[in-house]
Amino acid sequence: MQPLIDNARTFGQRPEEFAKLAEGQSPQVLFITCSDSRVVPALITGARPGELFELRTAGNIVPPFASEHPTSEAATIEYAVEVLGVDDIVVCGHSHCGAVGALVRGDDLTAVPAVRDWLAHATPRPAGAVEDPAVTEGVQSHVLTQLLRLRSYPFIEKKLKDRQLTLHAWYYEVHTGAVLAHDTASDVFKAL
């Protein structure tokens, strides 16, 4: 913890670098990814403060849209699309994902009921080889399922229809740093 504290102390000693951020934000991209500490959106994309609007959830899950009892995830997505006017949404899964791995393997999650109940939003259960530690196939199919879930949000459906929004499916390999994007024409994840 001490190195993090030391950096935080010196970080605020450069106010001239951050003064412009007080004027507001206008990110072009909503980046939805896993809470995993190995996935750092700004590091992966090279984004500077204010360039990405991030939503991090266990397993990069987009919950079903429910206007009566909205989730914080749905509120974040709505704010990014309707208020900030992002042009793109990236759902980025990653190799060695514990959440998707647990789903693929059918792990018993009774000891972590909040995790179990959250992962229930990931339906259908991702396909994939149980013996693959990177859970590549499972994560990639899971990311595509989350894009379909996004399409069911009424405000996203409208923006897509009006060609004001583009959705992207990415897969990040934590063990290599490579980023693959889903190519809709070939239905394959390819290097960016």
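Below: a short report on this structure. Not measured: the values here are computed from a predicted model.

The rules behind each value
Residues numbered from 1 in each chain as written. Predicted model: local features only at pLDDT ≥ 70, side-chain atom pairs only at ≥ 80, totals over all residues. Heavy atoms only, no water. Helix = DSSP H or I, 4+ residues; strand = E, 2+ residues; numbered from the N terminus. Buried < 20%, exposed > 50% of the residue type's maximum accessible area, 1.4 Å probe, protein only. Lys, Arg positive; Asp, Glu negative; His and termini not counted. Salt bridge = Lys/Arg side-chain N within 4 Å of Asp/Glu carboxyl O. Contact = heavy atoms within 4.5 Å. Pairing = 2+ DSSP bridges. Axes fitted to C-alpha atoms, helices over the stretch in contact; angles between N-to-C directions. Parallel < 35°, antiparallel > 145°, perpendicular 65-115°, else oblique. Left-handed = near helix turned anticlockwise from the far one by under 90°. Nonpolar A, V, L, I, M, F, W, Y, C, P; charged D, E, K, R; others polar.

**Some thoughts on the side chain of Glu-73**
- By the secondary structure assignment, Glu-73 is in helix α4 (residues 72–83).
- Arg-149 provides the closest opposite charge to the buried, unpaired Glu-73, separated from it by 9.7 Å.
- Beyond its immediate stretch of four places on either side in the chain, Glu-73 contacts Leu-55, Thr-57, Pro-63 and Trp-118.

**Thoughts on the environment of Ala-58**
- Within the fold, Ala-58 resides in the loop between β2 (52–57) and α4.
- Its relative accessible area of 35% is what places Ala-58 among the partly exposed residues.
- A C-alpha to C-alpha distance of 5.2 Å links Ala-58 and Cys-34, two positions 24 residues apart in sequence.
- Apart from residues no more than four positions distant in its own chain, Ala-58 is found in contact with Cys-34, Ser-35, Ala-99 and Trp-118.

**Let's talk about the pairing of strand β3 (residues 88–94)**
- Of all 7 residues making up β3, 6 are buried, and the element is well covered by its neighbours.
- Pairing between strand β1 (residues 29–34) and β3: 5 bridges, direction parallel. Residue pairing for β3: Val-29 is matched across the bridge by Asp-88.
- The pairing of β3 with strand β4 (residues 166–172) spans 7 bridges and is classified as parallel.

**Focus on helix α5 (residues 98–105)**
- For α5, the buried fraction is high: 6 of the 8 residues fall into the buried class.
- Regarding α5, the residues found buried are Ala-99, Val-100, Gly-101, Ala-102, Leu-103 and Val-104.
- Tucked into the core, α5 has its buried residues touching α6 (113–119) and α7 (136–151).
- Of the residues one or two after α5, Gly-106 is the one with positive phi, at around 70 degrees.

**As for the packing of α4 against helix α8 (residues 154–161)**
- As a packed pair, α4 and α8 sit with axes 10 Å apart at the nearest point and diverge in direction by 30 degrees. One finds that α4 runs roughly parallel with respect to α8. Of the two possible hands of crossing, α4 and α8 adopt the one that is left-handed. Where α4 abuts α8, its residues Ala-74, Ile-77, Glu-78, Val-81 and Glu-82 lie against Phe-155, Ile-156 and Lys-159.
- Residue composition of the contact of α4 with α8, grouped by class: 5 nonpolar, no polar and 3 charged.

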